[in-house]
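Examination of the molecular architecture
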Amino acid sequence: MAAGLPLSLGHLVAAALATLILGTLAAVAWWAGGLGGLTEWDWRALWFTLWQAALSATLSAALAVPVARALARRRFRGRGLLVTLLGAPFILPVIVAIMGLIAIFGRNGAVNEGLRALGLPEIGIYGWQGVILAHVFFNLPLSVRLILQGWQSIPSERFRLAASLGFAPRDIARHLERPMLRAVLPGTWLAVFLVCLTSFTVALALGGGPRATTVELAIYQAFRFDFDLGRAATLGLLQIALCVGAMLAARRIVVPQAFGTGMDGGEGPPAPGGWRRGADALVITLAALFLLWPMMAVVVTGLPRIPLLPPEVWQAALRSVVMAIASALLAVGACLALALTIARGAGRWVEAAGMLPLIASPLVLGTGLFILLRDAATPQQMALPVTVAVNAAMALPFGLRALIPAAQALQQDYGRLADALDLRGWARLRHLTLPRLARPLGFAAGLAAALAMGDLGVITLFASDQPTLPLKLYQLMNSYRMADAAAAAVLLMGLSFALFWLFDQGGRLDA
Amino acid sequence: MTLEFRDIGLRQGNFSLQANMSLRRGGRYAVIGASGSGKSTLLSLVGGFLTPDQGGLVWDGQNITDLAPGQRPVSMLFQHHNLFPHLTVKQNIGMGLRPDLRLSRTQQDQVTRVLDQVGLAGMQERRPGALSGGQQSRVALARVLLRARPLLLLDEPFAALGPALKAEMLALLSRIAADTGATVLMVTHDPADARSFAPDTVLVDEGRVHPPCPTGPLLDNPPPGLRAYLG
């Protein structure tokens, strides 16, 4: 390197991040009692966490295969829109989806009305079934997108060759599709498993009790209801062990990109006629119904009532928007500093620091930060800043995935030209880095803002007198003000999508 | 006044480069050699993108080995990416005067003047994407002209142009080099370019940089390594 690698802002951010995460984890470890302090319930929570994550992953992946196949080989009006919508759950606030699922699958939902009319037994949405249902709702679309990418990665020449050899659909499945699935499915399964491992909001709203409590929820209960900090910390260690174990497993399996681009390429596999045509249509309709019906139900109930929302909901909305924007700017600033340093060839530890948030769940970070800060501030004072910081940290790995390749390409293509012209510091940021990275920056900021906007995690540990919009929504649900809750849900969903859209579009305004 | 390569050695994995020579001020040198022989590495050393493991680079009596690329008395044209696609022609050229683009009235006039000189009058506000390949090369050359640095390095910037356009660019380049009195080092794959543009040629053969020889005799009577390359 020309002048060696100077210590940059990126190193500073990496060090700060490592201090924040590892320091927090150390605090948790320091406070943790021995495993003997855990009750039978806690061990059940550990078992349930693993079990529900495995079942959710298996169901999502299995159900996604026919949907992805149908989408890969059929072309119809609205297909592109449907594929785009499959990406939406990633930024859909969890608590909003739960409202929708309750509207359809709850006691007074359409599904149970139908079952009652037919004289069949009702299904319950609370308990483990609800947790699994919600996880499949969120992760089926993700799995479909990942598997669809697999289908589209099969070169169309292979399908043409198969056609010229007179392959029947069965032969195509055997020689082309099953090998692809064998390659894609383990990563898809693991991606869903990882997401479900840190599930908190779903378990909070639909689970609970001895048979449907995740470790994250157990941390919350130990912290909030028993105020047993030692047990919360021990559970936190258990959660970290789960995440680290799953991450180590993930090193052996390629986990595909969850929120990628480029979903449409090539002509896709041949579209067989006969009963398969009808079956594909049915599969696509059912999947679309499963995903859209709950959201439509919420929108229909909630949208007309938004003007009637009480002022405290609007205050919560404003608070949430401000916090989401703060989180997004924090996350994107840190991402940019890290990505630029990584692109200049910094050591692996900078990149590792950026991925550290993956091993710490929000509730573990919240517990740790509380332990560290409790002499300096009250829980009420901590609530909002800690939430902003934790949400920013949680968004980092996603932002880095978008920014690192772009920053590397920028360095590769224009780094030498900029150096030769002595383009440095602020001028380089303004005239080269920001304009060239506007798109991934906007995308990363949108993602971070939407995730922060919809998050109902660490805030539940602390505050109730300054609720965010998701927390306010949860409080409305708990007091059975379902009409207001539906309206708040529509508002929350609209704000989350709007924030994503605004930032993402902002990045596309070509300077 | 010379550019001296004083016992320069550079190692990159299995590859190593040695250079020990001096180049005359105002001279024009072709740099010739097979792919992977180290031509671009040699230019990167002069440009400041690589630092030698041993030896030093001296320009006009001053050791420039440790200067950052932008601080060196060097303008460089790369094979690709000589212009920022999101900036206008005027901004791309202006960056050669002030990277922060806060150009004074006089400096703006200078930009207009060099654009005129390379035959692109009135195209200030265009983006590189709206220009042809030849016009893009002219913009890059206009910036070289404006910066007027005494060393000019060309890493095959015109390789993608057709023969007629390339000849045109070399003619423009000759004019600019003469105007600014620059010492030119030009990597090329084309012996005809070397003959027409550079009286002297530096041969790079498997990491060894040979001191410059007159181009004509070298190409008429090449040593074995170069003979194999020229075919």
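Residues numbered from 1 in each chain as written. Chains lettered and ligands numbered in written order. Predicted model: local features only at pLDDT ≥ 70, side-chain atom pairs only at ≥ 80, totals over all residues.

**A closer look at the overall build of chain A**
Let me state the cut-off plainly: Secondary structure counts use DSSP, requiring at least four H or I residues in a row for a helix and at least two E residues in a row for a strand, with both numbered from the N terminus. Just to be clear, the radius of gyration here is over C-alpha atoms, and the globule rule we use is 2.2 Å times residues to the power 0.38. Labels follow a simple rule on C-beta atoms placed from the backbone: if 20 or more others lie within 10 Å of a residue's own, it is buried; if 12 or fewer, it is exposed; otherwise it is partly exposed. C-beta atoms are first placed from the backbone for all residues, and any pair lying within 7 Å is then listed as a contact.
The helix and strand tally for chain A stands at 21 helices and zero strands. Compactness check: chain A gives a C-alpha radius of gyration of 24 Å against a globular reference of 24 Å for 511 residues, within 12% of the reference. The dimensions of chain A, computed from C-alpha atoms along their principal axes, are 70 × 65 × 50 Å. Considering chain A as a whole, with its 511 residues, one finds that 47% of them fall into the buried category. Taking all contacts inside chain A whose residues are at least 6 apart in sequence as the whole, residues at least 24 apart take part in 85%.

**Considering the overall build of chain B**
For chain B, the helix and strand inventory stands at eight helices and eleven strands. For chain B, the C-alpha radius of gyration of 18 Å lies close to 17 Å, the compact-globule estimate for 231 residues. Overall, the C-alpha framework of chain B stretches about 50 × 40 × 30 Å when taken along its three principal axes. A burial count over chain B gives 41% of its 231 residues as buried. The contacts in chain B between residues at least 6 apart in sequence include a share of 65% that link residues at least 24 apart.

**What to know about the pairing of strand 2 (residues 15-24) of chain B**
Residue and element names in this part refer to chain B. Convention followed: What makes two strands pair is DSSP finding at least two bridges between them.
Here strand 1 (residues 2-12) runs beside strand 2; their pairing, made up of nine bridges, is antiparallel. Each bridged residue has a counterpart across the sheet, and for Leu10 the counterpart in strand 2 is Leu17. Linkage of strand 1 to strand 2, two consecutive antiparallel strands, is achieved through a turn of two residues, within which Gly13 is found at a positive phi near 60°. One ladder, built from two bridges, connects strand 2 with strand 10 (residues 208-209); its direction is parallel. Among the inter-strand pairings, Gln18 is bridged to a residue of strand 10, identified as Arg208.

**Describing the interface of chain B and chain A**
Stated precisely, the cut-off is as follows: As a working rule, the residues Ala, Val, Leu, Ile, Met, Phe, Trp, Tyr, Cys and Pro are called nonpolar, Asp, Glu, Lys and Arg charged, and the rest polar, with Gly in that last group.
In this complex, chain B contributes 20 residues to the contact, which on the side of chain A involves 18 residues. Broken down by class, the residue content of the side of chain B that touches chain A amounts to ten nonpolar, nine polar and one charged.

**A short note on unusual backbone geometry**
With phi around 60°, Tyr480(A) is a residue other than glycine that occupies positive phi space. Tracing the chain through its elements places Tyr480(A) in the loop between helix 20 (469-478) and helix 21 (482-508).

**Focus: the pairing of strand 6 (residues 74-77) of chain B**
All names here are of chain B. Alternating residues of strand 6 divide into Val74 and Met76 and Ser75 and Leu77, and every residue in both groups is buried. Across four bridges, strand 6 lies against strand 7 (residues 151-155) in parallel orientation. Across the sheet, Val74 pairs through a bridge with Leu151, a residue of strand 7.

**Structural notes on the nonpolar core**
Considering soluble globular proteins, one finds that nonpolar side chains tend to be buried as a cluster. Here is the rule: Definition of nonpolar core: a set of buried Ala, Val, Leu, Ile, Met, Phe, Trp, Tyr and Cys residues joined via C-beta atoms within 7 Å.
Counting residues in hydrophobic clusters, the biggest one holds 228 residues, and the most contacted among them are Ile98(A), Cys335(A), Ala448(A), Ala449(A), Ala488(A) and Ala489(A). Once residues lying within four places of it in the same chain are set aside, the contact partners of Ala448(A) are Ser327(A), Ala328(A), Ala331(A), Val332(A), Ala392(A), Ala395(A) and Gly399(A).

**Brief notes about the environment of Asp193(B)**
All names here are of chain B. Secondary-structure assignment places Asp193 in helix 6 (residues 191-197). Exposure remark for Asp193: the 20 C-beta atoms within 10 Å place this residue in the buried category. When near neighbours in sequence (up to four residues on either side) are disregarded, Asp193 contacts Leu170 and Thr188.

**So, the confidence of the model for chain A**
Residue and element names in this part refer to chain A. Note the threshold: You can read pLDDT as the predictor saying how much it trusts each residue, on a scale of 0 to 100.
Per-residue confidence for chain A gives a mean pLDDT of 89, with 95% of residues at or over 70. Counting interchain partners and residues more than four positions distant, the pLDDT-below-50 stretch residues 1-5 has nine contacts. Here residues 258-264 scores under 50 on pLDDT; set against residues more than four positions off or in separate chains, the count is eleven contacts.

**A short note on the packing of helix 11 (residues 229-252) of chain A against helix 15 (residues 362-373) of chain A**
All names here are of chain A. The following threshold applies: Here an axis means a line fitted to C-alpha atoms, over the contact stretch when the element is a helix, while the angle between two N-to-C directions is reported on a 0 to 180 degree scale. Note that the term roughly parallel is reserved for angles under 35 degrees, roughly antiparallel for angles over 145, roughly perpendicular for angles of 65 to 115, and oblique for everything else. By convention the crossing between two helices is left-handed if the near helix lies anticlockwise of the far one by an angle smaller than a right angle, and right-handed if it lies clockwise.
At a minimum axis distance of 9 Å, the contact between helix 11 and helix 15 shows a crossing angle of 140°. By the angle class used here, helix 11 and helix 15 are oblique. Crossing handedness for the pair helix 11 and helix 15: left-handed. Across the interface between the two elements, Leu229, Ala232, Ala233, Gly236, Gln239 and Ile240 from helix 11 touch Val364, Thr367 and Ile371 from helix 15. Residue composition of the contact of helix 11 with helix 15, by class: six nonpolar, three polar and no charged.

**Section: helix 3 (residues 105-117) of chain B**
Residues and elements named next belong to chain B. To keep it simple, the criterion reads: Given the number of residues in a helix, its expected span is that number minus one, multiplied by 1.5 Å. By definition, the arc is the one covered by directions from the helix axis to the C-beta atoms.
Between the first and last C-alpha of helix 3 there are 19 Å, a value that for 13 residues agrees with the 18 Å anticipated at 1.5 Å per step. Of the residues making up helix 3, those classed as buried are Val111, Val114 and Leu115. Projected down its long axis, helix 3 carries its buried residues within an arc of 105°, all on one side. Of the exposed residues in helix 3, the ones pointing more than 90 degrees away from its buried face are Arg105, Thr106, Asp109 and Asp116. In this structure, the buried residues of helix 3 make contact with helix 2 (89-94) and helix 4 (133-147). Two residues or fewer past helix 3, Gly119 is found with a positive phi of approximately 80°.

**Here's the deal with the confidence of the model for chain B**
Looking at chain B, the pLDDT average stands at 92 and 100% of residues meet or exceed 70. Confidence estimates for the predicted assembly give a pTM of 0.87 and an ipTM of 0.89.

**Details of helix 4 of chain B**
All names here are of chain B. Its 15 residues give helix 4 an end-to-end C-alpha distance of 22 Å, which sits within 8% of 21 Å, the value for a rise of 1.5 Å per residue. The element helix 4 is largely enclosed, with a buried count of twelve among its 15 residues. Listing the buried residues of helix 4 in full gives Gln136, Ser137, Arg138, Val139, Ala140, Leu141, Ala142, Arg143, Val144, Leu145, Leu146 and Arg147. Where helix 4 is buried, its residues meet strand 6, helix 2, helix 3, strand 7 and helix 5 (163-180). Ala148 sits one or two positions beyond helix 4 and adopts a positive phi of about 50°.

**Things to note about the environment of Leu115(A)**
Topologically, Leu115(A) is positioned in helix 5 (residues 110-117). Excluding residues that lie within four positions of it along the chain, Leu115(A) makes contacts with Leu120(A), Pro121(A) and Glu122(A).

**Section: the environment of Gly231(B)**
Of note, Gly231(B) is situated in the segment after helix 8 (224-230). Along the chain, Gly231(B) and Ile32(B) lie 199 residues apart, while their C-alpha atoms are 14 Å from each other.

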